[in-house]
Amino acid sequence: MPFTRSFLSEEHLLCSICLDVFDNPVSTPCGHSFCMICIRQYWDTAKQCQCPLCKQTFKRKPDLHINRTLREITEQFKGMVANPEESGTVGASGMAEEGGRTKETVDGAQKPGHLPGYLLEEMKKRLSRYKVHGNSQSCPDESGSEQTPNTDTNGTQLPVIARQMSLRRYTLSGAADAMKVPLCPKHHRNLELFCLSDLECICIECGQTDHQSHNITCAEKEWQSYKMKISTTETELQEMTRERMQKVQDIKQSLVDIKKLTENEVQRSMQLFGALMSSLERSQAGLLEVTEINRRSAEHQAELMIRELEQEITELRRRSTALTKLAQTENFVTGLKGYSDVSTPMSMKAWTGVSLTCDLGSKAICASVCQLLDQFKEELQKLPAVCLSVSANQSPVKSHPKVKRIQEYAVDVTLDSNTAHPRLTLSEDKKKVWCGEKHLHVPNNRERFDRVVCVLGREGFSGGRHYWEVEVDGKTDWDLGVASHSCNRKGKITVSPSNGYWFLSLRDKNNYAFRTEPSTALPLSLKPQKIGVFVDYEKGQVSFYNADSKMHIYTFMDNFCETIYPFFSPCTNKTGKNDAPLVITPVLLD
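Colleague: Describe the overall build of the protein chain, naming the residues involved and giving the relevant values.
Modeller: Summing up its helical and strand segments, the protein chain has 10 helices and 27 strands in all. The buried share among the 590 residues of the protein chain stands at 44%. Pairs at least 24 residues apart make up 61% of the contacts formed inside the protein chain by residues separated by at least 6 positions. As presented, the protein chain carries roughly 33,100 Å² of accessible surface, and 50% of it is formed by carbon and sulfur atoms.

Now the structure itself:
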């Protein structure tokens, strides 16, 4: 196609890399054209394969093919520039007219690849889309009429800033008057506008097509207004974070207070029930269980509340950090998108009226005991009905986590032959012990008892909770419990907690007592065949149970400061009347 009637500017046929007219032009997948040699050399030296103009990155180097149409246009253009006399004649205005009527006189040789002056001036006149009339601009259409720059071809109003942005020129690194503005994936033009209706960055062509009826403004200006809101939002997030951190501390302190009050309540109730008749023992055990359940329930509720608060604190801190980073970015597209994500309303719990509560449940236990034993009513009413409340929250603790049964703390206890009295005989598995008539020949080491007919367990306890069971069926006398490591084992022994002995005794088939000074009698209506012993080292608790009927017998509270060992005494055999052994039996979980 000859170019006598074509008014393409040389600028449209320049390679943006070498800045000269195309030589064997090729097109990239993004639609931009370059000289084949230029683009290959550019990709060979670049760190990654991307378009020099729009910076679109390709996973692999594209296969380039010569754009034959563009090459033909370029070659004809070069020929027209090299031989201007073949394209027309020069008129009075200095421009070559059609038909070859006149020619322009050219002084000097024309450099190949550059337009002659007369042709360049004529192209500028005919290719100009805008005419300046005073301070306004207008664009001629095909009919010769002018359109004002405030409207597009469809009559849609566009901001003045959008028309100014459309006149930007591009360099190898992007827009000449912008800092690496991202391109519209649809039109490959700068995302310089912001649609307030759809809250997204768009290009000018998007504003003229998909967003005609929307409210559109300059993206950079809109981002500046958003940045002013960041400081206020960040201050609010920090205040919410401080409130929740203070609430965490309040809940932790409440939990400490509840634990302390629970321990005091348990101690007082243990002292009172220890003086009552055996008919109160079961009620005492029930009180311990309910108190422990509610304490654990309060602890469980506190853990859930703290975990929820910590999750909210983490989210608030994450958003605060994100806002801090957004405040430092200059990329309004990234900033606008990031702020939309961070400013999304959070569904957070109102913690103002939330508090930790716990009902120890001792009031119901006391009322039940008063009904059963009127003679102790006056004393039992002195026991306070404890209902802890850290703040004004009226809702009690509703969830009750599973509490371990004492059988789940079972330990494998065996007898220590080095501590056994010479008259005692142990089974091979060290699970049984009985008393004989004669002394056995055993070493008289310092660990061995030489007067009291007893033996200690091999396993000692210096912490934690432990439970074991001993069969006492067929015996008329026995002693079971725990003893301290430093207890006296030689000569006459005074059995009491102050001397390191905590155990329950049976004498003459029916006389049960806890060995204190003086002994505490324990009249039991149901004779146990198997005794369960439970030790909580940290609490200083030693409890005895009827393992068959699962009834509580007695609990003693003290402070342990050294290792304690299981204590066993089958007592003397009384000429065969008490020759049945004590047997350590496996603990069966229900």
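Colleague: So, the side chain of Lys431: which residues are in play, and what are the values?
Modeller: Relative to the helices and strands, Lys431 resides in the loop between β15 (424–426) and β16 (432–435). The class for Lys431 is buried, based on a relative accessible area of 17%. At 2.4 Å, the side chain of Lys431 and the side chain of Asp412 are in polar contact. With near-sequence residues (within four places) excluded, Lys431 lies in contact with Asp412, Val413, Thr414, Leu415, Leu582, Val583 and Ile584.

Colleague: Residue-level account of the sheet that holds β15, with values.
Modeller: Strand order in the open sheet formed by 7 strands is β15-β16-β27-β18-β23-β24-β25, with antiparallel pairing between adjacent strands. Strands at the two margins of the open sheet, each flanked by one partner only, are β15 and β25 (551–557). With strand direction ignored, the average angle separating the axes of adjacent strands in the sheet is 20 degrees. Of the strand pairs in this sheet, β16 and strand β27 (residues 582–585) are connected by 2 bridges, and their pairing is antiparallel. Note that in β27 the partner of Lys432 across the bridge is Val583.

Colleague: Give me the nonpolar core: which residues, what numbers.
Modeller: Formed by 36 residues in total, the largest nonpolar core has its most connected members in Trp468, Trp478 and Phe568. Once you skip the residues sitting within four places of it in the chain, Trp478 turns out to touch Val472, Leu504, Ser505, Leu506, Arg507, Tyr512, Ile531, Ser569, Cys571 and Leu582. Ranked by size, the runner-up nonpolar core spans 25 residues in total, among them Ile202, Ile204, Ala322 and Phe332.

Colleague: Could you give an account of the sheet that holds strand β21 (residues 511–514), naming the residues involved and the relevant values?
Modeller: A sheet is described by the order of its strands in space; here 6 strands give the open sequence β17-β26-β19-β20-β21-β22, paired in antiparallel fashion. Each edge of the open sheet carries a strand with a single partner, namely β17 (455–456) and β22 (520–521).

Colleague: So what's going on with the pattern of salt bridges? Which residues, and what values?
Modeller: Under the counting rule described, the total for this entry stands at 15 salt bridges. For the salt bridge of Glu315 with Arg318, the shortest nitrogen-to-oxygen distance reads 2.7 Å. With Glu315 and Arg318 both in helix α7 (residues 281–328), this residue pair falls 3 residues apart, about one helical turn. Note on Glu315: relative accessible area 24%, which makes it partly exposed. Taking relative accessible area as the criterion, Arg318 reaches 44% and is therefore assigned partly exposed. The partner of Asp536 in a salt bridge is Arg465, and the shortest N-O contact between them spans 3.0 Å. Of this pair, Asp536 sits in strand β23 (residues 530–536) while Arg465 sits in strand β18 (residues 465–471), and the two are 71 residues apart along the sequence. The class of Arg465 is partly exposed, set by a relative accessible area of 24%. One connected set of salt bridges, linked through shared partners, spans Glu315, Arg318 and Arg319.

Colleague: Tell me about helix α1 (residues 36–45), residues and numbers included.
Modeller: Within the span of α1, buried status applies to Met36, Cys38, Ile39 and Trp43. Buried positions in α1, seen along its axis, are confined to an arc of 165 degrees and lie on one side of it. For α1, exposure combined with an orientation more than 90 degrees from the buried face picks out Ile37, Gln41, Asp44 and Thr45. Where α1 is buried, its residues touch β1 (25–27) and β2 (33–35).

Colleague: Provide a residue-level description of unusual backbone geometry, including the pertinent values.
Modeller: For His188, which is not glycine, the phi torsion reads 55 degrees and is therefore positive. Tracing the sequence through the fold places His188 in the loop between β9 (174–175) and β10 (193–195). Its relative accessible area of 34% is what places His188 among the partly exposed residues. With a phi close to 55 degrees, Leu199 is a non-glycine residue in the positive phi region. Here Leu199 is to be found in the loop between β10 and β11 (200–202). On the accessibility criterion, Leu199 (52% relative accessible area) is exposed.

Colleague: So what's going on with the pairing of β16? Residues and values would help.
Modeller: The two faces of β16 differ: Val433 and Cys435 on one face are buried, but Lys432 and Trp434 on the other face are not. Where β15 meets β16, 3 bridges bridge the pair, whose relative direction is antiparallel. By the bridge assignment, Leu424 is partnered in β16 with Cys435. Connecting β15 to the next strand, β16, in antiparallel fashion are 5 residues, including Lys430 with a positive phi near 60 degrees.

Colleague: Would you mind going over the confidence of the model for the protein chain in detail, with residue names and values included?
Modeller: Scored by pLDDT, the protein chain comes out at a mean of 75, with 71% of its residues at no less than 70. Mean pLDDT values for the elements of the protein chain range from 35 in strand β5 (residues 131–133) up to 95 in strand β26 (residues 564–569). Below a pLDDT of 50 lies the segment residues 88–113, which in the model reaches 36 contacts outside its immediate sequence neighbourhood of four places, other chains included. Considering only residues more than four positions removed or in separate chains, one finds that residues 384–403, a stretch of pLDDT under 50, has 43 contacts.

Colleague: Could you give an account of the side chain of His421, with specific residues and numbers?
Modeller: Within the secondary structure, His421 sits in the loop between β14 (387–389) and β15. Ignoring anything within four residues of it in the chain, the contact list for His421 reads His439, Phe449, Asp450, Arg451, Val452, Val453 and Cys454.

Colleague: Explain the environment of Trp351 to me, and be specific about the residues and the numbers.
Modeller: Residue position: Trp351 is located in the loop between α8 (332–342) and β13 (357–359). Classification of Trp351 by relative accessible area gives buried; the value is 5%. For the pair Trp351 and Glu243, spaced 108 residues apart in sequence, the C-alpha separation works out to 8.8 Å. Not counting chain neighbours up to four residues away, the residues in contact with Trp351 comprise Arg244, Lys247, Met305, Glu308, Leu309 and Glu312.

Each value, and the rule that gives it
- Residues numbered from 1 in each chain as written.
- Predicted model: local features only at pLDDT ≥ 70, side-chain atom pairs only at ≥ 80, totals over all residues.
- Heavy atoms only, no water.
- Helix = DSSP H or I, 4+ residues; strand = E, 2+ residues; numbered from the N terminus.
- Buried < 20%, exposed > 50% of the residue type's maximum accessible area, 1.4 Å probe, protein only.
- Contact = heavy atoms within 4.5 Å.
- Areas by Shrake-Rupley, 256 points an atom, 1.4 Å probe, with all protein chains shown as cover.
- Polar contact = N/O pair within 3.5 Å; in protein donor to acceptor, adjacent residues only side chain to side chain.
- Pairing = 2+ DSSP bridges.
- Axes fitted to C-alpha atoms, helices over the stretch in contact; angles between N-to-C directions.
- Core = buried A, V, L, I, M, F, W, Y, C linked by side-chain atoms within 4.5 Å.
- Salt bridge = Lys/Arg side-chain N within 4 Å of Asp/Glu carboxyl O.
- Arc of directions from axis to C-beta.
- pLDDT = per-residue confidence, 0-100.

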